[in-house]
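# Working through the structure, step by step
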Amino acid sequence: MARRKLIAGNWKMNGSSAALSELDIIAAAAKAAPGLDVALCVPFTLIASAKARVPALIIGAQDVHARTYGAHTGCISATMLLEAGATAVIVGHSERRAEQFESDAAVRAKVEAALSVGLTTILCVGESEAERDAGNHLITVQSQLDGSLPDEASGLLVVAYEPIWAIGTGKTASTEDVAAMHRAIRKRLVGRFGAAGDAVRILYGGSVKSDNAAELFGVEDVDGALVGGASLTAAAFVPVIEAAAG
Ligand code: PGA
């Protein structure tokens, strides 16, 4: 099935108002590639100004609370994200699973909350280096999916496979390993959601940059990328967008 590619940048805890000038060139590159979606997930504080600056670009957040409102100091709800101008959100990134101790069940609740208000929801999964070395990578990711997928798939659901050992390290999984994992994820999605599982986009993430993007996008069932470091500047991110555009 032909799926529209999504290239999503993840600024993590980086960026400032001054850095938003990078978005002008990224938005121009996105406009020149109408066959794919380009999103930038920026810190909460930059969402509104990013959206105001480049309205045509998909602006996303990097986390969301499972509840709509209430006594949750420091947290942001899905409706608040929408009001700020976000139309996408990353959920369950490995850095949050590790640093904020997010469980699969907590991630699942966030996914449901984000989908319920219409946010494009990028659910992250991925194994550690020890899990891969032990040969447990497929089982780890399957169990993350089983614990964190929502009840129903919609076109808004996106899965990002990000091997933890490849994030920010300059290491990338081999195309064979990426193909095997994406195939396994697709099988799980179709098993769970039927035809709707075939429409869910599966992104690869982990040190994606200009020199490996084209090869990764050539792999079956790789429907785009979640890009950290190389999304911080237009100079690094635009070539990734261009590689996806073909
Ligand atoms: P990286 O980060 O591209 O810097 O490896 C990817 C991510 O964590 O989403």
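This text goes with the structure placed above it.
Here, residues in each chain are numbered from 1, in the same order as that chain's written sequence. Local features in this predicted model are restricted to residues of pLDDT 70 or higher, and side-chain atom pairs are both shown and tallied only at a pLDDT of 80 or more, whereas totals for entire chains, interfaces and linings draw on every residue. Excluded from the side-chain calculation are hydrogens and water; included are all heavy atoms of the structure.

Below, the discussion takes up the overall build of the chain. Regarding its fold elements, the chain presents 11 helices and eight strands. Its C-alpha atoms give the chain a radius of gyration of 17 Å, near enough to 18 Å, the size a compact globule of 246 residues would have. With the principal axes as the frame, the chain shows a C-alpha extent of 45 × 45 × 35 Å. Looking at the 246 residues of the chain, the share that counts as buried comes to 51%. Contacts between residues were defined by any pair of non-hydrogen atoms, one from each residue, lying within 4.5 Å. Across the chain, contacts joining residues at least 24 apart in sequence account for 73% of those joining residues at least 6 apart. His is not counted, nor are the chain ends, whereas Lys and Arg count as positive and Asp and Glu as negative. Where a charge sits is defined by one atom per residue type, namely NZ (Lys), CZ (Arg), CG (Asp) or CD (Glu). In the chain, the 21 positive side-chain charges and the 27 negative ones have mean positions that sit 3 Å from each other. Per the convention used, a helix needs a DSSP run of H or I reaching at least four residues, while a strand needs a run of E reaching at least two, with both numbered from the N terminus. We compute the radius of gyration over the C-alpha atoms and compare it with the globule rule, which gives 2.2 Å times the number of residues raised to the power 0.38. Burial classes follow relative accessibility: with a 1.4 Å probe on protein chains only, a residue under 20% of its type's maximum area counts as buried, one over 50% as exposed, and anything between as partly exposed.

Positionally, Thr140 belongs in helix 7 (residues 137–148). Overall, Thr140 belongs to the buried group, its relative accessible area being 12%. C-alpha separation for the pair Thr140 and Val125, spaced 15 residues apart in sequence, amounts to 8.8 Å.

Turning to the pattern of salt bridges, a few remarks are in order. Basic side-chain nitrogens of Lys or Arg form a salt bridge, by our definition, when they fall within 4 Å of a carboxyl oxygen of Asp or Glu. Tallying each qualifying case throughout the model produces 20 salt bridges. Across the salt bridge formed by Asp198 and Arg3, the nearest N and O atoms sit 3.7 Å from each other. Of the two residues, Asp198 is situated in helix 9 (residues 195–199) and Arg3 in the segment before strand 1 (6–10); the sequence distance between them amounts to 195 residues. For Asp198, a relative accessible area of 26% translates into the label partly exposed. The network of salt bridges with common partners includes Arg3, Arg186, Asp198, Asp221 and Asp223.

A cutoff of 4 Å decides nearness: a residue is near a molecule or strand if any of its heavy atoms lies inside that distance of it. Around the ligand, a shell composed of 13 residues is seen, among which Lys12, His93, Glu162, Gly168 and Ser207 lie nearest. Polar contacts, as counted here, are pairs of nitrogen or oxygen atoms within 3.5 Å of one another; within protein the pair requires one atom able to donate a hydrogen and one able to accept it, and residues that are adjacent in sequence qualify only if both atoms are side-chain atoms. Interatomic distance of 2.6 Å between a backbone N/O atom of Gly168 and an oxygen atom of the ligand. The accessible surface values rely on the Shrake-Rupley method and a 1.4 Å probe; as for residues, cover is taken only from the protein chains in view. Protein coverage of the free-state accessible area of the ligand, which is 280 Å², stands at 95%. Each residue receives one of three labels: charged for Asp, Glu, Lys and Arg, nonpolar for Ala, Val, Leu, Ile, Met, Phe, Trp, Tyr, Cys and Pro, and polar for the others, Gly being one of them. Looking at the shell around the ligand residue by residue, the classes come out as four nonpolar, seven polar and two charged.

Glancing now at the sheet that holds strand 7 (residues 201–205). Pairing between strands is defined by DSSP: at least two bridges between the two strands are required. Within the closed barrel, the eight strands sit side by side as 1-2-3-4-5-6-7-8. Their pairing is parallel. With strand direction ignored, the average angle separating the axes of adjacent strands in the sheet is 25°. Of the strand pairs in this sheet, strand 1 and strand 8 (residues 224–227) are connected by four bridges, and their pairing is parallel. Each bridged residue has a counterpart across the sheet, and for Leu6 the counterpart in strand 8 is Gly224. Interaxial angles span 0 to 180 degrees and are taken between N-to-C directions of axes, which are lines fitted to C-alpha atoms, for helices over the stretch in contact. Packed onto the sheet, helix 7 meets strand 5 (120–125) and strand 6 (157–161) and runs at close to 145° relative to strand 5.

With 12 residues, helix 11 (residues 234–245) extends 16 Å from end C-alpha to end C-alpha; this agrees with the ideal 16 Å at 1.5 Å per step. Contacts made by the buried residues of helix 11 are with strand 1, helix 1 (22–31), strand 2 (37–41), helix 10 (210–217) and strand 8. Looking one or two places after helix 11, you find Gly246, whose phi comes out positive at around 85°. Helix span, as expected, comes to 1.5 Å for every residue beyond the first.

This part covers the pairing of strand 1. Counted residue by residue, strand 1 has five buried out of five residues, so it is predominantly covered. Of the two faces of strand 1, the one lined by Leu6, Ala8 and Asn10 and the one lined by Ile7 and Gly9 are each fully buried. When strand 1 meets strand 2, the two strands line up parallel, connected through five bridges. The residue bridging Leu6 from the neighbouring strand is Asp37, located in strand 2. The β-α-β motif built from strand 1, the intervening helix 1 and the parallel element strand 2 has right-handed crossover chirality. By definition, the crossover connecting two strands over a helix is right-handed if that path, from the first strand to the second, turns clockwise as seen with the strands pointing away from the viewer.

Remember that the coordinates give geometry; whether it matters functionally is a separate question.
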